[in-house]
Amino acid sequence: MKDAKWTWRGVSLISALATLLLIAGFVYAVGDIINPQGEALTGSLPQATTAPEAAAADELKILALGDSLAKGTGDNSGSGFVRRALDGLTQGGAKAGLLGNMGINGLTTAGLQTKLQEEGVQYALRQANVVLVSIGGNDLFRGSDILGNGTGVQAGEAAGTAEIPADNPEGSASTVQPTGVLDGKSDTLVTSTPKPGEDELTPEALLSALPEAAKRLGEILETIAEINPQAQVYYVGLYNPFGDIEDLLVPGNQAVTAWNNAAMDIINTHSNMTLVPTFDLFNRHLDKYLSSDHFHPNGDGYQRISERIVQAIR
Amino acid sequence: MTNLLPLIRNECTKIIKKKRFYVILLILLVLVPMFTYAQMRVAERSRDKFNSDWRLEIQQRITDNQNSLSSDRIPEEWKSYRRIFIQQLQYYLDHDVNPNEPSGVTFTREFLDNSVSLFIPLLIMAVASDLVSGERTTGTIKMLLTRPVKRWKVLFSKLAALLMFVSLIVLSVFVISYLISGLAFGYKGFNIPVFTGFQLSGDTVDMSGVHSVPQWKYLLMQGGLIWFVSVVVALLAFMVSVLVRSTAASIVVMMAALIAGSILTNMAAAWSTAKYLFMVNLGLTGYLAGTPAPIEGMTLPFSLAVLSVWGLAAIIISFAVFTKRDILN
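Since this is a predicted model, take the numbers as computed values, not measurements.

K.L.:
Explain the pattern of salt bridges to me, using residue names and the numbers behind them.
P.N.:
For the coordinates displayed, the defined rule picks out 14 salt bridges over all chains. Lys 215 of chain A is the salt-bridge partner of Glu 219 of chain A, the closest N and O atoms lying 3.8 Å from each other. Residue Glu 219 of chain A and its partner Lys 215 of chain A are both found in helix α13 (residues 210-227); the two are separated by 4 residues, about one turn of the helix. Lys 14 of chain B is paired through a salt bridge with Glu 11 of chain B; the nearest N and O atoms lie 3.3 Å apart. Taken as a pair, Lys 14 of chain B and Glu 11 of chain B lie in helix α1 (residues 4-17) at a separation of 3 residues, close to a single helical turn. Using a relative accessible area of 24% as the deciding quantity, one classes Lys 14 of chain B as partly exposed. Three or more residues joined by partner-sharing salt bridges are found here, namely Glu 11, Lys 14, Glu 135 and Lys 158 of chain B.

K.L.:
Describe the environment of Glu 101 of chain B, and please don't skip the residues or the numbers.
P.N.:
Residue and element names in this part refer to chain B. Inspection of the secondary structure puts Glu 101 in the loop between α4 (76-94) and α5 (104-115). Judged by its relative accessible area of 33%, Glu 101 falls in the partly exposed class. Placed 58 residues apart in sequence, Glu 101 and Ala 43 show a C-alpha to C-alpha distance of 9.9 Å. In this view, Glu 101 contacts Thr 106 and Ile 192; residues no more than four positions away in its chain are not counted.

K.L.:
Tell me about the packing of helix α4 (residues 80-91) of chain A against helix α17 (residues 299-313) of chain A, residues and numbers included.
P.N.:
Residues and elements named next belong to chain A. Two numbers describe how α4 lies on α17: the axes approach to 8 Å, and their chain directions differ by 50°. Viewed along their axes, α4 and α17 adopt a mutual orientation that is oblique. When the axes of α4 and α17 are compared, the crossing they make is right-handed. Seen from α4, the contacting residues are Gly 80, Phe 81, Arg 84, Ala 85, Gly 88 and Leu 89; seen from α17, they are Gly 299, Tyr 302, Gln 303, Ile 305, Ser 306, Ile 309, Val 310 and Ile 313. Here the residues of the contact of α4 with α17 are counted per class, giving 8 nonpolar, 5 polar and 1 charged.

The rules we used
- Residues numbered from 1 in each chain as written.
- Chains lettered and ligands numbered in written order.
- Predicted model: local features only at pLDDT ≥ 70, side-chain atom pairs only at ≥ 80, totals over all residues.
- Heavy atoms only, no water.
- Salt bridge = Lys/Arg side-chain N within 4 Å of Asp/Glu carboxyl O.
- Helix = DSSP H or I, 4+ residues; strand = E, 2+ residues; numbered from the N terminus.
- Buried < 20%, exposed > 50% of the residue type's maximum accessible area, 1.4 Å probe, protein only.
- Contact = heavy atoms within 4.5 Å.
- Axes fitted to C-alpha atoms, helices over the stretch in contact; angles between N-to-C directions.
- Parallel < 35°, antiparallel > 145°, perpendicular 65-115°, else oblique.
- Left-handed = near helix turned anticlockwise from the far one by under 90°.
- Nonpolar A, V, L, I, M, F, W, Y, C, P; charged D, E, K, R; others polar.

In structure tokens form, the structure reads like this:
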């Protein structure tokens, strides 16, 4: 009987204390949630470039930046050229690690510029010593949309970190409406489809976006070099995804070549940057190396790009 | 006027003697190590992938979520959930605070966040569903009511004992998950800052109210909210156990309600009247963490009001029925 008495005392005491504590927590929580007191928070990411000097010699720390190609859209295995290049390097005996893949579907040069302002991206850049960049395809092939209706590009540019212009890899009927694949916003997709006249990719349309986009590309590479001067930057050149559509073969090739030349001009001014060409890989082999969305490479296509990258890095 | 205290003591002794509470402790002792192990594997994997640099990992998570925003197949509500999530991660990253700093305290915090709407209510039910219906199943209710004690006092003593055990259960969930996860992640971490005060309006997060709280304070606030949820669940389970004759039926009724709640929170965004159901409002800790409410228009005062109304109604019905009803067999 004495035992039961002590159990009762213990249980009642503990539960009374626990109840008081929990009620106090409850009152505090309700007050805190209903009237949150904001405070100025300091503290930012470490600014020092820690890794590159230390381990630059033997270990490759790879960071990928850019659009859906960097992300690997279209590759059924999900690897993309980034992971494939990593595998290739490792098989070749190099010590390589992937720091991160910051590729975002539908990213344009303008989008990448805003992204490079983010502290987290800058931090990742500072840790890397190999930076793979793929950008520009969305600027170039969206050119027709810029002419057609200005809203599409404005929305894309206005979108900051909160809303990222998206592309639509599984876009409907990609062969019929090439821009439908590239076009990020579903609303612009809707508004542009009823007016097929505007969807034609003319050489002028493709080239119209070029000067400004090329200027932004220059700024992007400049920024990367500023953030991490030690890193080797590999820019993946563009290919023409519309080479199998007769009307688009020549203008597409011209536009892509113009872009690649512009990129080459910029890259040649930096000592630690390399352009990895892909134009020749895909020209006349689109049926083999493009995925079903008719814009992104498939696994084999990515494999070929990655082989080029491995050759460039080693 | 018989004193209530001996009655409460009697009810407490009954609960202890029935060993329900030990069963609850046993469940915790079995399940928490499992969750800890799973969490440990997750931590190990991310350590391999990101060279144990949490900043890179957070940045990758942000990128991955941004990518998923572009898919047309993802429902709009999930997208806005992810947009909010991205902004919060970005906030943590910008202020150089690791939201998932591995420690026993962090594990406890996350475990509680995940268990508030189903697991803890289930444990509460294990005690509450049995209180009155159990007496009827075994027939001891007649013995109880033939004593010269008013019926409301009998019921009140049961209720008081139940509330005591609610506090004990919440406390033991805390203590056990901290002690066990501490073995794997270390017992430190009470002073890690956690951000709270994210105010959500639609897709955007208002950061003006955000402030950092040491983790122990956060746990205290969580505990308070969980306690409130548990009390309401206890009251409802208590009512059901008064209304229903057998313990099994009373457990099934409450289980069905809770599981319906967890299903509804996942898909009820279109049916906005569902927000008046108690089981949709159980996730109070979400308001603390800044996760969007399952249905638009739900806020902490709203959820508290809904839960209070349900709880009060449960008390009134329990007492009204118990004092009036004939006990036949």
